[in-house]
Amino acid sequence: MRRSRARARSALPVAALVVLPLLGACSLPTGGAATSVPSDEVPYGLVTSSATPSATDTASATARGTVYLVDGHQHLVPLVVEVEVAPLRPLVQQLLLRLALGPNERQRTRGLATDLAPGSTVALRSVDGGTATIELRAPVQDPSPVRFPVAIGQIVLTATSVVGIDRVRFVQADGAPANVPVPPVGEVTTGALTADQLITLLAAGTTTPPRLTPLPGDDPVPSPTTTATG
């Protein structure tokens, strides 16, 4: 009996030496640091929308807005972009600027484009009662009859993706109403356009992201003009 107990005690250190390496082999990986994926590389639906920051948040806070680009079939596709949280007019201006910049190289490789002609100017002139008044000027001539309604759709759907903008009215440089094309091809209007009027331009099966809520208040500074790079 004494001999068997002694043998058991002497075996414990050996067992410990065997178990410890096995525990080390089963540990979780300790690989490199986590990396972030830009929002514009993640299709809408895979990105979880964050809560809208309050007025007490810092001026550098960001939120997810939406711009609309064009796929290879001349249909509109929503693209989630990061913008600085701001009141209504500055927030819409940021989105129009992002739209005017056009797709970057990553987005081009995904087959996305813009129907805004290079050198076109897009200026938010005013916001009144849910209507955004926008001046759109092409450098030489308007896009083709097929592309022009899509370009109008890009602007209208981008602007109305912000809570507080329900329709878009286009004007000329002198403030007079502008004739803009709407689907179907050949139809034109001088009236304000809503997102519902251009819903047929969306790619099949598209789910539109939630509308972005601006901060209270507004910016009295006149809206800048943004130039499309194409």
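This structure is a prediction, so every number in the text was calculated from the model and none was measured. (Residues numbered from 1 in each chain as written. Predicted model: local features only at pLDDT ≥ 70, side-chain atom pairs only at ≥ 80, totals over all residues. Heavy atoms only, no water.)

1. Concerning the side chain of Thr131
Phase 1: Secondary-structure assignment places Thr131 in strand E4 (residues 131-137).
Phase 2: The exposure class of Thr131 is buried, given its relative accessible area of 15%. (Helix = DSSP H or I, 4+ residues; strand = E, 2+ residues; numbered from the N terminus. Buried < 20%, exposed > 50% of the residue type's maximum accessible area, 1.4 Å probe, protein only.)

2. Some points on the confidence of the model for the chain
Phase 1: When pLDDT is averaged along the chain, the result is 77, and 67% of the positions lie at 70 or above.
Phase 2: Scored below 50 in pLDDT, residues 1-58 makes 32 contacts in the model with residues more than four places away or belonging to other chains. (pLDDT = per-residue confidence, 0-100. Contact = heavy atoms within 4.5 Å.)

3. Side note on helix H2 (residues 88-101)
Phase 1: The terminal C-alpha atoms of H2, which comprises 14 residues, lie 20 Å apart, in line with the 20 Å expected from a rise of 1.5 Å per residue.
Phase 2: Looking only at H2, the buried set comprises Leu88, Arg89, Pro90, Leu91, Val92, Gln93, Leu95, Leu96, Leu99 and Ala100.
Phase 3: Gly102, located one to two residues past H2, shows a positive phi value of around 75°. (Expected span 1.5 Å × (residues − 1).)

4. Topic: the pairing of E4
Phase 1: With 5 of 7 residues buried, E4 is to be regarded as a mostly interior element.
Phase 2: Pairing of strand E3 (residues 121-128) with E4 involves 7 bridges; the strand directions are antiparallel. Paired with Thr121 across the bridge in E4 is Arg137.
Phase 3: With antiparallel pairing between neighbouring strands as the criterion, E3 and E4 make up a hairpin whose turn holds 2 residues, including Gly129 at a positive phi of roughly 60°.
Phase 4: Here 5 bridges tie E4 to strand E5 (residues 167-171), and the two strands are oriented parallel to one another. Residue Ile134 lies in a different strand from E5, and its bridge partner there is Phe170. (Pairing = 2+ DSSP bridges.)

5. A look at the pattern of salt bridges
Phase 1: Counted by the stated rule, this structure contains 5 salt bridges.
Phase 2: In this structure, the salt-bridge partner of Glu82 is Arg64, at a minimum N-O distance of 3.6 Å. Remark: Arg64 occurs in strand E1 (residues 62-70) and Glu82 occurs in strand E2 (residues 76-84); sequence separation between them is 18 residues.
Phase 3: The partly exposed category is assigned to Glu82, whose relative accessible area is 34%.
Phase 4: Between Glu135 and Arg137 there is a salt bridge, with its nearest N and O atoms 2.6 Å apart.
Phase 5: Assessed through its relative accessible area of 2%, Glu135 is described here as buried.
Phase 6: When salt bridges that share partners are traced, they join Arg125, Glu135 and Arg137 into one network. (Salt bridge = Lys/Arg side-chain N within 4 Å of Asp/Glu carboxyl O.)

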